[in-house]
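# Chains, contacts and geometry: an overview
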Amino acid sequence: MAEQTTNRGAGRPAKAAEDGAGYWKANIRIITISLIIWAIVSYGFGILLRPLLSGIEIGGTDLGFWFAQQGSILVFLALIFFYAWRMNKLDREYGVEED
Amino acid sequence: MEQFTINLLFVGASFALYIGIAVWARAGSTSEFYAAGRGVHPVTNGMATAADWMSAASFISMAGLIAFVGYDNSTFLMGWTGGYVLLALLLAPYLRKFGKFTVSEFIGDRFYSPTARMVAVVCLIVASVTYVIGQMTGVGVAFGRFLEISNTAGLLIGACVVFAYAVFGGMKGVTYTQVAQYCVLIMAYTIPAVFISLQLTGTPIPALGLFSTVESGGADSSVYLLTKLDQIVTDLGFASYTEAHKDNLNMVLFTLSLMIGTAGLPHVIMRFFTVPRVSDARWSAGWTLVFIALLYLTAPAVGAMARLNITELMWPNGAQGDAVSVETIETAPEYDWMLTWQKTGLLDWEDKNGDGRIQYYNDANEEMAATAAANGWEGNELTNFNRDILVLANPEIANLPGWVIGLVAAGGLAAALSTAAGLLLAISSAVSHDLLKGQLTPDMSEKAELMSARIAMAAAILVATYLGLNPPGFAAQTVALAFGLAAASIFPALMMGIFSKRVNNVGAVCGMLSGLIFTLLYIFLHKGWFFVAGTNSFPDTVDGSLFGIQSTAIGAVGALINFGVAYAVSLSTADTPQEIKDLVESVRTPAGAGAAVDH
């Protein structure tokens with residue numbers, strides 16, 4: 001199996017099985033980190049942790065209000081673009097990108 | 001030129017554009033009909049998905065939802081955007097890699113079970129049909145309001161236009177029409193908002209204007225818009241705008257239900273089948289949210305600014321001064337819009353205490369009783385104040401030129417039509433691809449399938465038109481149902497199908513059914529069996545509800561139950577076969593198909 005996989009691919013001596021597991025593990029790690037941030041900005045800053053942020057004033061209200069109405073959406077955007085960029089890079093690192 | 005003529009011109013021109021696209025983008029194969037030939041650029045798909053997703057409710061009602069409640073309804077803003085993070089990270093790339101045409105097809109193949117596929121088809125059709133009713137009535141209402149024709153005639157015209165591009169163009173026609181509809185609706189939404197933001201705060205970007213200062217009357221110092229709004233609404237006995245009034249548990253669960261529901265709505269997911277590659281699906285989810293955010297970042301600003309505008313119009317001398325007089329409303333040009341909208345029945349007032357002035361305040365607030373008694377007020381005199389007015393009457397309130405009003409008319413129709421078309425497409429592909437091709441007549445030729453897809457689409461439009469003309473009494477409640485179903489049944493099944501190799505056919509079916517039944521039961525117990533008023537066992541309020549969770553927020557709990565049951569049942573039944581593990585493996589890597597063949 002090792003010989004088979006070394007012959008093909010974009011010049012990478014890939015150990016397919018371990019690499020496949022490594023790729024998926026790396027993906028899960030990126031997803032987990034992203035979803036933690038996703039939860040912190042919306043459920044955290046926007047709702048549950050809002051009292052903690054009440055001291056930070058922004059435009060006539062507090063930072064928690066801003067996160068609930070705008071900040072979380074902006075962070076969501078950043079997360080999706082980060083994920084797309086990071087995964088496309090990961091695809092190339094593991095040689096699993098399309099064509 | 002008369003306003004009616006301008007509206008007619010704008011709506012007519014936009015419809016001509018949609019029909020032109022229909023002629024240009026005809027579908028010649030099932031791949032084009034179901035997935036636009038998988039040739040849609042990720043940015044184009046993002047725009048189309050944004051139009052697909054943003055319905056008449058987003059366009060017309062959301063600013064009002066936020067304006068009249070304030071901070072608590074931020075849940076809609078977070079919930080309806082945060083779902084795209086789940087979609088981008090957990091579903092879209094893998095389902096694109098799977099490379100089939102419908103959501104139920106993935107569930108059927110991954111859980112090697114026609115039963116699972118049928119459960120998914122039923123959830124999909126129920127969720128989409130309930131959702132489409134609201135869109136069709138929205139088309140009728142928008143027509144009736146702006147073009148002075150009956151709702152029925154308006155709905156029929158709208159149905160004919162959808163018919164033209166959806167039946168012939170399928171996903172291909174719908175995609176390019178949705179791109180055009182997005183452009184119309186976003187211009188219609190942002191142009192009036194920019195003008196209002198400039199008038200109030202001097203900032204051309206409404207999202208920034210929301211946190212800017214406004215000129216306060218008389219004094220040379222300026223105060224923040226939100227501070228001023230908080231002050232005047234609390235003076236009138238309303239709940240403050242920026243503070244929280246709802247308990248955390250319900251806010252979190254409601255937001256989570258909207259997010260999971262968004263990520264599980266089939267008509268949104270299937271849009272990601274149209275892009276050429278897995279990496280495009282990842283980018284495309286980001287572009288979708290960019291285009292949605294343009295409206296969703298503007299909506300809270302429109303809401304707050306319109307509420308401040310209207311409250312100040314009613315109290316031109318501040319809450320401590322005299323209210324606006326009936327005579328002013330009837331004669332002053334800046335109150336013209338009130339007379340216009342009184343005719344539509346969305347706005348009304350009555351001088352209850354006969355003092356010649358209209359006092360607008362919260363008469364349900366007991367603390368206001370003393371103030372009211374001292375001033376001789378006898379109840380809130382702005383007797384009807386529909387929240388949809390905030391967006392629809394915005395251009396008139398801000399005194400904008402007639403063409404802006406025409407644009408808003410075309411924008412409202414674009415929002416309703418684009419969502420209706422996406423839902424109809426989800427329904428027709430479920431019928432032709434999952435039911436007919438997948439179940440009843442598997443050896444159907446491609447040509448026959450394409451024909452049956454068109455017939456299913458035409459039938460779906462007829463059913464939706466009928467339901468739009470004769471909406472069942474529960475039409476207003478159905479959004480909760482659609483999101484609850486998508487959250488409790490479809491999203492968990494898809495996610496487990498990708499992220500677990502262990503969840504098997506029995507587990508998936510048991511999980512979906514228990515999530516579904518729990519959610520339906522909970523909604524029916526609070527809203528009445530099949531939404532028949534009076535048959536509910538618990539009051540539909542937070543305090544009276546069964547677990548202290550409002551019925552609209554229960555989808556997230558249903559999803560948890562689905563996950564739990566599916567895992568428990570799977571672990572106590574046979575492991576998934578090797579070919580299913582291979583299928584999951586191939587879905588997980590963009591180029592997995594090639595590698596799998598090599599071994």
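Predicted model, so just to flag it, every value in this text is computed and none were measured.

Counting its secondary structure elements, chain A contains three helices and two strands. Starting at the N terminus and ending at the C terminus, chain A contains elements arranged as α-α-β-β-α. Counting all 99 residues of chain A, 36% fall into the buried class.

Our next topic: the overall build of chain B. In terms of regular secondary structure, chain B is built from 26 helices and four strands. Compactness check: chain B gives a C-alpha radius of gyration of 25 Å against a globular reference of 25 Å for 599 residues, within 12% of the reference. If you line up chain B on its principal axes, its C-alpha atoms span 85 × 55 × 45 Å. Put simply, chain B has 599 residues, and 57% of those count as buried.

What follows covers unusual backbone geometry. Residues and elements named next belong to chain B. Of note in this structure, Ala36 is not a glycine but carries a positive phi near 50°. Looking at where Ala36 falls in the secondary structure, it is placed in the loop between α2 (30–35) and α3 (42–53). Positive phi is not limited to glycine here, since Arg38 has a value of about 50°. Within the secondary structure layout, Arg38 lies in the loop between α2 and α3. For Arg38, a count of 17 C-beta atoms within 10 Å translates into the label partly exposed.

Taken together, the 40 residues of chain A in the interface contact 44 residues of chain B. Among the secondary structure elements, those contributing two or more residues to the side of chain A that touches chain B are α2 (16–48) and α3 (63–93) of chain A. At 17 residues, α3 of chain A tops the list of elements feeding residues into the side of chain A that touches chain B. When grouped by side-chain class, the residues that make up the side of chain A that touches chain B number 23 nonpolar, 12 polar and five charged.

Here we take up helix α10 (residues 225–235) of chain B. Among the residues of α10 of chain B, Leu225, Leu226, Lys228, Leu229, Asp230 and Val233 of chain B are the ones counted as buried. In the core, the buried residues of α10 of chain B are packed alongside β2 (61–62) of chain A together with α8 (151–201), β1 (213–215), β2 (222–224) and α14 (299–314) of chain B.

This part is about the confidence of the model for chain A. Within chain A, residue pLDDT values average 83, and 82% of them lie at 70 or more. Of the regions scoring below 50 in pLDDT, residues 1–14 of chain A engages in 13 contacts with residues more than four places distant in sequence or in other chains.

To continue, consider the packing of α8 of chain B against α14 of chain B. Residues and elements named next belong to chain B. Look at α8 against α14: their axes get within 10 Å of each other, and the N-to-C directions meet at 50°. By the angle between their axes, α8 is oblique relative to α14. The chirality of how α8 crosses α14 is left-handed. Facing α8, whose interface residues are Ala193, Ile196, Ser197 and Leu200, α14 presents Ala301, Val302 and Met305. Across the contact of α8 with α14, the residue classes tally to six nonpolar, one polar and no charged.

Criteria and thresholds
Residues numbered from 1 in each chain as written. Chains lettered and ligands numbered in written order. Predicted model: local features only at pLDDT ≥ 70, side-chain atom pairs only at ≥ 80, totals over all residues. Helix = DSSP H or I, 4+ residues; strand = E, 2+ residues; numbered from the N terminus. Buried ≥ 20, exposed ≤ 12 C-beta atoms within 10 Å, placed from the backbone. Rg over C-alpha atoms; globule rule 2.2 N^0.38 Å. Contact = placed C-beta atoms within 7 Å. Nonpolar A, V, L, I, M, F, W, Y, C, P; charged D, E, K, R; others polar. pLDDT = per-residue confidence, 0-100. Axes fitted to C-alpha atoms, helices over the stretch in contact; angles between N-to-C directions. Parallel < 35°, antiparallel > 145°, perpendicular 65-115°, else oblique. Left-handed = near helix turned anticlockwise from the far one by under 90°.

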